[in-house]
Amino acid sequence: ISFSPDSTKISFARCFYRDAEYCSLWLADSADGKNEKKLAVRPRPFRIADNEFSPDGKSIAFAAGQSENAANEFSLLKIDLASGKEEEITDKKFFNIKNLAWLPNQNGWLITASVIPNKRFRIWQVGTSGEVEPVTNDSENYSILSLDQKANLLVSTQIKEDYRLYLFQTENPALKQILAGATYAAFAPNGKIFFS
């Protein structure tokens with residue numbers, strides 16, 4: 001959910017998971033949810049991720065695409081609320097876009113997104129001319145981000161994977177042993193454990 005600058009409207013994504021309308025972007029009154037208006041629609045398998053009102057309240061930036069085929073098919077778009085005209089902000093495509101924030105004076109956006117072949121979510125800056133630059137270049141995964149009003153401070157959540165392969169004794173599960181860091185594991189017929 002995103003609030004208009006005057007807090008009278010909200011924008012949100014609603015996903016019906018139908019072929020013709022997998023996900024759609026909506027506008028409604030924030031006080032009571034009335035006066036719903038559908039702004040954009042995406043067919044299966046395309047979905048609408050995050051959305052954010054512009055600082056002047058005249059447009060909404062949103063992320064839309066799909067990640068099912070391991071290709072970079074997520075776009076950053078903007079819709080003008082008066083005309084309903086939708087346009088791509090940049091021609092750069094992403095594997096997934098999790099979150100976005102407008103920069104002050106509407107001079108660009110910050111997004112958390114990943115680009116194949118690297119599935120790590122970085123923070124990227126997108127300019128008003130469509131140029132895209134990574135803000136972070138480390139091995140961390142960034143998820144949600146928010147800026148203070150002057151864009152002097154940025155907060156973001158990091159996702160740290162902590163997968164561990166445990167060996168349990170079936171007769172005494174309290175006697176567990178950490179074998180390695182792993183996400184998947186299986187016993188082979190010869191008793192060896194294979195893991196990734």
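Residues numbered from 1 in each chain as written. Predicted model: local features only at pLDDT ≥ 70, side-chain atom pairs only at ≥ 80, totals over all residues. Heavy atoms only, no water.

Visitor: Help me out: how do you make sense of the pattern of salt bridges in this one?
Guide: Opposite charge on two side chains makes pairing possible when the charged atoms of those side chains draw close. Across all of its chains, the model carries six salt bridges by this definition. Among the ionic pairs, Lys9 bridges to Asp29, the shortest N-O distance being 2.5 Å. Residue Lys9 is located in strand E2 (residues 9-14), and its partner Asp29 is located in strand E3 (residues 23-29); the two are separated by 20 residues in the primary sequence. Measuring nitrogen to oxygen at the nearest pair gives 3.0 Å for the salt bridge that ties Arg14 to Glu36. Of this pair, Arg14 sits in strand E2 while Glu36 sits in the loop between E3 and strand E4 (37-42), and the two are 22 residues apart along the sequence. For Arg14, a relative accessible area of 25% gives the class partly exposed. (Salt bridge = Lys/Arg side-chain N within 4 Å of Asp/Glu carboxyl O. Helix = DSSP H or I, 4+ residues; strand = E, 2+ residues; numbered from the N terminus. Buried < 20%, exposed > 50% of the residue type's maximum accessible area, 1.4 Å probe, protein only.)

Visitor: Just checking my understanding: could you explain the packing of aromatic side chains for this structure?
Guide: Working definition: an aromatic ring pair is given by the centre-to-centre distance plus the angle between the planes. Under the criterion given, the structure shown has four aromatic pairs. A centroid spacing of 5.8 Å and a plane angle of 70° characterise the contact between Phe94 and Trp124, whose relative ring orientation is edge-to-face. Placement of Phe94 in the loop between strand E8 (86-88) and strand E9 (96-102) and of Trp124 in strand E11 (residues 118-126) is noted, with a sequence separation of 30 residues between them. With a relative accessible area of 0%, Phe94 lands in the buried category. Ring centres 5.9 Å apart and planes at 35° place the aromatic pair Tyr166 and Phe168 in the tilted group. The partly exposed category is assigned to Tyr166, whose relative accessible area is 31%. Lying across the ring of Phe16, Arg18 places its NZ or CZ 4.3 Å from the centre. Stacked on the ring of Phe121, the Lys or Arg Lys98 has its end atom at 4.2 Å from the ring centre. (Phe/Tyr/Trp six-rings, centres within 6.5 Å; stacked < 30°, edge-to-face > 60°. Lys NZ or Arg CZ within 6 Å of the ring centre and 35° of its normal.)

Visitor: Sorry if this is basic, but what is going on with a nonpolar patch on the surface here?
Guide: A grouping of Tyr166, Phe168 and Ile178 is seen on the molecular surface, where their side chains present a nonpolar patch of about 280 Å² in accessible area. In this fold, Ile178 is placed in strand E16 (residues 172-180). (Patch = residues over 30% accessible without salt bridge, like charges linked within 9 Å, V, L, I, M, F, W, Y side chains within 5 Å. Areas by Shrake-Rupley, 256 points an atom, 1.4 Å probe, with all protein chains shown as cover.)

Visitor: I'm lost on the nonpolar core in this one. Help?
Guide: Generally speaking, soluble globular proteins have nonpolar side chains that are buried together. Leu76, Phe94, Ile97, Trp109, Ile111, Trp124 and Val126 are the most contacted members of the largest nonpolar core, which has 17 residues in total. Of all the secondary structure elements, the ones that give two or more residues to this core are strand E6 (59-65), E9, strand E10 (109-115) and E11. If we ignore the near neighbours within four places in the chain, the residues touching Trp124 are Phe94, Trp109, Leu110, Ile111, Ala113, Val115, Val132, Glu133, Pro134 and Val135. Core analysis: the next-biggest nonpolar cluster, separate from the first, contains 14 residues, Phe53, Leu77, Ile79 and Leu81 among them. (Core = buried A, V, L, I, M, F, W, Y, C linked by side-chain atoms within 4.5 Å. Contact = heavy atoms within 4.5 Å.)

Visitor: Explain the layout of surface pockets here, please?
Guide: Leftover empty space is mapped by rolling, across the atoms, a probe with the size of a water molecule. Computed from the structure, the largest pocket encloses a volume of approximately 410 Å³. Forming the boundary of the largest pocket are 18 residues, of which Glu52, Phe53, Pro55, Trp102 and Leu147 lie nearest the centre. Counting only elements with at least two residues in the lining of the largest pocket, the list comes to strand E5 (47-53), E9 and strand E13 (141-147). Here the lining of the largest pocket takes three residues from E13, the largest share from any one element. Here the residues of the lining of the largest pocket are counted per class, giving 11 nonpolar, five polar and two charged. (1 Å grid on protein atoms, 1.4 Å probe; cavity = no way out; pocket = protein on both sides within 12 Å on 5 of 7 lines; lining within 4 Å. Points joined across faces, edges and corners; volume = space filled by probe spheres on them. Nonpolar A, V, L, I, M, F, W, Y, C, P; charged D, E, K, R; others polar.)

Visitor: So what exactly am I meant to see when it comes to the state of the cysteines here?
Guide: Between two cysteines, a covalent bond joining their sulfur atoms is known as a disulfide. Per the stated rule, a full pass over the model turns up one disulfide. Two residues, Cys15 and Cys23, share a disulfide whose sulfurs are 1.9 Å apart. Torsion about the S-S bond of the Cys15 and Cys23 cystine: about 105°, corresponding to right-handed handedness. Under the relative-accessibility criterion, Cys23 is labelled buried at 0%. (Disulfide = S-S within 2.5 Å.)

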